[in-house]
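Structural characterization, general
Okay, here's what each chain looks like letter by letter:
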Amino acid sequence: MAAPLGIDVGWNVPTLTLAFHLAVALVFAVAATLSLVGGGALLGVALQASMAALVAGLGVAVARLV
């Protein structure tokens, strides 16, 4: 079956791994943004933002290794 628009992204293990990690990182980033807007403690916001960066970085690293 042909890919839409002729672009074959390829849903292989590295792509799925990276997509999963980026989705989890997005959850942490949204939580950090909502905490900051809601007047949350800056330590909590920093922890959520750093977790987002860590999860995204791990996703890139694992996707490159697989």
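Here is a short report on the structure shown in this document. Because the structure is a prediction, the values reported are computed rather than measured.

Conventions we followed
Residue numbers restart at each chain and count upward from 1, following the sequence in its written direction. Residues qualify for local features only when their pLDDT is at least 70, as the model is predicted, and side-chain atom pairs are given and counted only at 80 or more; totals for whole chains, interfaces and linings, by contrast, use all residues. Each side-chain value is derived from all of the structure's non-hydrogen atoms; neither hydrogens nor water enter the calculation. Helix and strand definitions here come from DSSP, where helices need a minimum of 4 consecutive H or I residues and strands a minimum of 2 consecutive E residues; each element is numbered from the N-terminal end. The span one expects for a helix is its residue count, reduced by one, times 1.5 Å. Type-normalised accessible area, obtained with a 1.4 Å probe on protein chains alone, sets the label of each residue: buried when under 20%, exposed when over 50%, and partly exposed for intermediate values. Note on contacts: a residue pair qualifies if any of its non-hydrogen atoms lie within 4.5 Å across the two residues. Each patch is built from residues that are more than 30% exposed by relative accessible area and take part in no salt bridge. Like charges join if they lie within 9 Å; nonpolar side chains (Val, Leu, Ile, Met, Phe, Trp, Tyr) join within 5 Å. The protein chains shown are the only cover counted for residues, whose accessible areas, like all others here, come from Shrake-Rupley with a 1.4 Å probe. Whenever Lys or Arg places a side-chain nitrogen within 4 Å of a carboxyl oxygen from Asp or Glu, that contact is recorded as a salt bridge. We call two N or O atoms a polar contact when they sit within 3.5 Å, provided that within protein one can donate a hydrogen and the other can accept it, with sequence-adjacent residues counted only if both atoms are side-chain atoms.

**Section: helix 2 (residues 42–65)**
Taking 1.5 Å per residue, 24 residues should reach 34 Å; helix 2 reaches 34 Å between its end C-alpha atoms and fits that length. The complete set of buried residues in helix 2 reads Val45, Ala52, Val55, Ala56, Gly59 and Ala63. Tucked inside the fold, the buried residues of helix 2 contact helix 1 (13–37).

**Remarks on a nonpolar patch on the surface**
A surface patch of nonpolar side chains, about 230 Å² in accessible area, is lined by Val13, Val62 and Val66. If you trace the backbone, valine 66 turns up in the segment after helix 2. In this structure valine 66 comes out as exposed when scored by relative accessible area, which is 52%.

**What to know about the environment of valine 24**
Following the sequence through the fold, valine 24 ends up in helix 1. Relative accessible area serves as the criterion here: at 27%, valine 24 is assigned to the partly exposed category. Note: C-alpha distance between valine 24 and methionine 51 (27 residues apart in sequence) is 9.5 Å.

**Comments concerning the side chain of threonine 17**
Along the chain, threonine 17 falls in helix 1. Other than its neighbours up to four places away in sequence, threonine 17 contacts Val62 and Ala63.

**A word on the side chain of histidine 21**
Mapped onto the elements, histidine 21 comes out in helix 1. Among the polar contacts listed, one links the side chain of histidine 21 to the backbone oxygen of threonine 17, at a separation of 2.9 Å. What histidine 21 contacts, discounting residues up to four positions off in sequence, is Val55, Leu58 and Gly59.

Honestly, that's just the spatial picture; any functional story needs more than this.
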